[in-house]
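What follows is each chain in one-letter form.
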Amino acid sequence: MAARGDPGIIVRTFEDIDCAFPSNLSEALALLGDEATRGKLLAGGTDLMVQWESGSVDMPVRAISVKSLPELLVLKIEGAHVSIGAAVTHWDLRAAPVVRDALPSLAAAAATVGGRQIQMMGTIGGSIANASPAGDLAPALLADDASVVVASAARGERVMTMESFLLGYRKIDLQPDELIVRFEVPVRKEGEKEGFRKLGPRAAQAISKIMGNYRGAIAGDGTVTLFRVALGSVAETAVRLHKVEDAVTGQALNDGLIAEAERIASDSIKPISDIRSTADYRKWVGGRLIRGFLEDLKASPSG
């Protein structure tokens, strides 16, 4: 796309986009299923509008607004899972009692995304679809072992794990005729504990240098019965640290095990250096986050 300000070159503006406003999921899927009416999915627009305006991503010819689709606004407990529609906002995630009580780590992560205006517009589906390695919600969904439900008019619903859905930098497992419908997140069980930490250049409205989430449980004898942990800003996409999980699960949680888990974490992540931080710093902090999560779990085994 040509840069703004180039003489004699016409650049499309927001007013040039042909927008469709389906009233329900079936209408949206029908639009996506036909190449003649298919368009870029738009919910809160907090990522896409900036990308389009800056010229880093070409403005689409067509856009389909999914912000108000009732099927994408679901937020409730269904059996052992919390069902979270793709159009649920960050503000809803941080404020809704069902999320704060059942998924406190996800609520904490949502509370760090931008300011109140961004939180009230940006959606969980848009955040995950953007697939930024610095996105604050992905590690929480990974640590909570969430599933992603997508749908198309031709094939119906398709369910996959968050880990398999995130393919790489800005890449997700979503076909052109599909959209994200909802996330199914296991409810935190009695005795399980969660935690979230984020490091940025300032206390608020900061893009993460590194962030992480965990969910864990420990038995009365000090044995780790559950430990899932994920970090962001340490690879092309947010990642589960399976080597760390395997090293601690089933083991007595003591100082030696915590030190070993810290070492494994630092050695296993592959961060880059950028304007926000160096790779060496991220590797060191990644290990320290794991240490902090395990010390937190050890200090309060009952959650």
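Within every chain, residues take consecutive numbers counted from 1 along the sequence as written. Residues qualify for local features only when their pLDDT is at least 70, as the model is predicted, and side-chain atom pairs are given and counted only at 80 or more; totals for whole chains, interfaces and linings, by contrast, use all residues. Excluded from the side-chain calculation are hydrogens and water; included are all heavy atoms of the structure.

J.: It is not clear to me how helix H1 (residues 25–33) should be interpreted in this structure. Could you clarify?
T.: Because an α-helix completes one turn every 3.6 residues, residues spaced three or four positions apart along the sequence face the same direction. Here H1 has its buried residues at Leu25, Ala28, Leu29 and Leu32. Seen from one end, H1 has its buried residues packed into an arc of 95°, which puts them on one side. Buried residues belonging to H1 abut strand E2 (40–42), strand E3 (62–65), strand E6 (147–152) and strand E10 (179–186). Whenever two N or O atoms come within 3.5 Å, that pair is a polar contact, provided that in protein one can donate a hydrogen and the other can accept it, and provided that, for residues adjacent in sequence, both atoms are side-chain atoms. The helix count covers DSSP runs of H or I at least four residues long, the strand count covers runs of E at least two residues long, and both are numbered beginning at the N terminus. Sitting at the head of H1, Asn24 places a side-chain oxygen 3.1 Å from the backbone nitrogen of Ser26. Three labels apply to residues, based on accessible area from a 1.4 Å probe with only protein chains included: buried if under 20% of the type maximum, exposed if over 50%, partly exposed otherwise in between. To obtain the arc, one takes the directions from the helix axis to the C-beta atoms. We call two residues in contact whenever any of their non-hydrogen atoms come within 4.5 Å of each other.

J.: Help me understand the environment of Ala86, please; the structure alone is not making it clear to me.
T.: Here Ala86 lies in the loop between strand E5 (81–85) and helix H3 (90–95). Sequence-wise, Ala86 and Glu190 are 104 residues apart; in three dimensions their C-alpha atoms are separated by 27 Å. Setting aside residues up to four positions removed in sequence, Ala86 forms contacts with Leu72, Thr123, Ile124, Gly125, Gly126, Ile180, Val181, Arg182 and Phe183.

J.: Would you take a moment to explain the pattern of salt bridges for this structure?
T.: Should their charged atoms come close, side chains of opposite charge can pair. The salt bridge criterion pairs a side-chain nitrogen of Lys or Arg with a carboxyl oxygen of Asp or Glu, the two atoms within 4 Å. Counted under the stated rule, the structure contains 21 salt bridges. For Arg155, the salt bridge is made with Asp177, and the minimal N-O distance between the two is 2.7 Å. With a gap of 22 residues between them, Arg155 in the loop between E6 and strand E7 (156–161) and Asp177 in the loop between strand E9 (171–172) and E10 connect regions that are remote in the sequence. The class for Arg155 is partly exposed, based on a relative accessible area of 48%. Residues Glu295 and Arg291 are paired through a salt bridge, measuring 3.2 Å at the closest nitrogen-oxygen approach. With Glu295 and Arg291 both in helix H12 (residues 279–299) and four residues apart, the pair spans about one turn of that helix.

J.: What am I meant to see in the sheet that holds strand E4 (residues 75–78) here?
T.: Within a sheet, neighbouring strands are paired by backbone hydrogen bonds and run either parallel or antiparallel to one another. Here, any two strands with at least 2 DSSP bridges between them count as paired. Spatial ordering of the open sheet is given by E4-E5-E10-E6-E7, a layout of five strands whose pairing is antiparallel. Strand pairing shows two members of the sheet lacking a second neighbour, E4 and E7, which therefore form its edges. Taking each pair of neighbouring strands and ignoring which way they run, the sheet shows an average axis angle of 25°. Here E5 runs beside E10; their pairing, made up of five bridges, is antiparallel. Angular values range over 0 to 180 degrees, each being the angle between N-to-C directions of two axes fitted as lines to C-alpha atoms, with helices fitted over their stretch in contact.

J.: Where do I start with the sheet that holds strand E14 (residues 239–240) in this structure?
T.: Pairing within the open sheet is antiparallel, and its four strands lie in the order E11-E12-E13-E14. Sheet topology places strand E11 (193–199) and E14 at the edges, where each strand pairs with a single neighbour. Bridging between strand E13 (residues 224–232) and E14 involves two bridges; their strand directions are antiparallel. Bridging from a neighbouring strand, Leu231 pairs with Val239 of E14. Lying on the sheet, H12 is in contact with E11, strand E12 (210–218) and E13; it crosses E12 at an angle near 25°.

J.: I'm lost on the side chain of Gln119 in this one. Help?
T.: Mapped onto the fold, Gln119 is located in helix H6 (residues 116–121). Among the residues examined, Gln119 registers a relative accessible area of 2% and is labelled buried. Beyond its immediate stretch of four places on either side in the chain, Gln119 contacts Thr89, His90, Trp91, Arg94, Ala110, Ala111, Thr112, Val113 and Gly114.

J.: Mind showing me how you'd approach the confidence of the model for the chain here?
T.: In low-pLDDT regions, the fine details of the predicted coordinates are not to be read closely. Taken over all residues, the pLDDT of the chain has a mean of 90, while the share at 70 or more is 90%. As a per-residue quantity, pLDDT reports the predictor's confidence and falls between 0 and 100. When the criterion is pLDDT under 50, residues 1–11 qualifies, and its contacts beyond four places in sequence or with other chains add up to 16 contacts.

J.: Before we go on, may I ask you to explain the side chain of Ser233 in this structure?
T.: Counting through the fold element by element, Ser233 comes out in the loop between E13 and E14. Residue classification places Ser233 among the buried positions, given a relative accessible area of 9%. With residues up to four places along the chain from it excluded, the contact list for Ser233 reads Pro133, Ala134, Ser208, Lys209, Ile210, Met211, Pro271 and Arg282.

J.: Would you take a moment to explain the environment of Val88 for this structure?
T.: The residue Val88 is located in the loop between E5 and H3 in this model. For Val88, the residues in contact, after removing those within four places along its chain, are Leu72, Leu73, Val74, Leu75, Leu93, Gly122, Thr123 and Ile124.

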